[in-house]
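# Descriptive analysis of the structure
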Amino acid sequence: MNLLSRLPAPVRRTVHGVVGVALVAALASCGNQDTYPLTTLSPKGQQADTIHTLVKPIFIIAGVVFVVVQVVIVVIVIKFRRRRGEEHGENDPVQIHGNTPLELTWTALPAILLAGLAVLNVQTIFKLEQRVPDAIHVDVYGQQWWWEYRYDLDSDGQPDIITANQMVVPAGRQVELNIRSRDVIHSFWIPALNGKMDASPGSTHFMAINANKPGIYEGQCTEFCGLSHGYMRMEVKALTPADYDQWVTDQTASPAEPGNKLAEEGRTAFLSQCAYCHQVNGLTAEGEYSDAGPVADYKGLDGKAVPTVRPGVAPNLTHLMSRERFSGNMFPLHYEDGKPDEGNLKDWLTDPKAMKPMMPDNQQGMPNLNLDPATIDALVAYLVTLN
Ligand code: CUA
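About the criteria used
- Residues numbered from 1 in each chain as written.
- Predicted model: local features only at pLDDT ≥ 70, side-chain atom pairs only at ≥ 80, totals over all residues.
- Heavy atoms only, no water.
- Axes fitted to C-alpha atoms, helices over the stretch in contact; angles between N-to-C directions.
- Helix = DSSP H or I, 4+ residues; strand = E, 2+ residues; numbered from the N terminus.
- Parallel < 35°, antiparallel > 145°, perpendicular 65-115°, else oblique.
- Contact = heavy atoms within 4.5 Å.
- Nonpolar A, V, L, I, M, F, W, Y, C, P; charged D, E, K, R; others polar.
- Pairing = 2+ DSSP bridges.

## Structural notes on the packing of helix α6 (residues 261-273) against helix α9 (residues 373-383)
Here α6 crosses α9 at 100°, and the two axes come no closer than 7 Å. Judged by the angle between their axes, α6 and α9 are roughly perpendicular. For the pair α6 and α9, the contacting residues are Leu262, Ala263, Glu265, Gly266, Arg267, Ala269 and Phe270 in the first and Thr375, Asp377, Ala378, Leu379, Ala381 and Tyr382 in the second. Looking at side-chain class alone, the contact of α6 with α9 contains eight nonpolar, two polar and three charged residues.

As structure tokens, this is what we get:
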């Protein structure tokens, strides 16, 4: 990535556009944390274990049925084939049409088998639906083309932490998700932790996860949701309980003050250019979710009126740099040594559509605001202070 950042911006953007997915895959594999890729066959959480426990007997039973059926077919084909010189029908087997005991047998056997599997299936479904008293509750919103997570830590119905794309959880503790959508049908899927769950507009779907140990658990939207469906990734980052408590403390803190003049200019530019869609806690007020636009006047830190954002229109950026990646978990925010990847943010602000296919005119994705390079530099200087 360091090499990439030294390339001219247009070349970098082309590289991003063409090999974005490959880049993410490569980067995901070279982080210093354990990363669990997209496979259902290697469960790393309680719910995924429950599913895997069901998959094993079903696979074995289906395998036995498959082998028996195939062997019988081969034996019959060989035994009753028409041999050279035989008249048609000369070697036909005895016809058994209307044989009641036989027909009862091959109706009853599969019925009993399927009834047995249904019991196991229903048991598993109830097990996956189990809620626990000390669970953490997160509202998950799918949106073209990113995921929002709203943590209600004190169960008062109001979100205490709003973050995007990367969900942070404590390892070994149940996290209960209410999955919803703000536009079309998406599907939330972290295969190492649980199965798929659709995010459908107008309804809420329950799913629980419980990661065995700290690490990064990768996911991908698995319901076709338009242009950038393939660019709608997500991940769960599981921390030790102590690290998670620290994360909660950091996330509920006020955003950092811009430490230098350029970042301060960036904050001013943020308020005039970005704040109708993106929220920074304390700097912009969260209005009601509505398609009608900003809903009320709000006084910012400096006492001046600032826009009221429509929550959920775009990711909350209060602690942007605490995440690994941005824009549907696609583009790294840091180099491997932990320094901010300003090049990626600059490219994004210069021409977001060059990095990810979007239709901002149709309220799908980030518009190109045609910002001048000086404003982009200031904005990036501000964004990297949001840690
Ligand atoms: Cu969201 Cu596919």
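## So, the sheet that holds strand β4 (residues 161-164)
The five strands are arranged β4-β3-β2-β6-β9 in an open sheet whose pairing can be described as mixed. In the strand order of this sheet, the two ends are held by β4 and β9 (205-209), each with one partner. Across this sheet, the average inter-strand angle for adjacent strands is 25°, counted without regard to direction. Summarising the sheet, strand β2 (residues 136-143) and strand β6 (residues 175-181) pair through seven bridges and their orientation is parallel. Looking at the pairing, glycine 142 lines up with serine 181 of β6. Taken strand by strand, helix α5 (residues 241-252) contacts β2, β3 (146-151) and β4, and its axis lies near 100° from that of β4.

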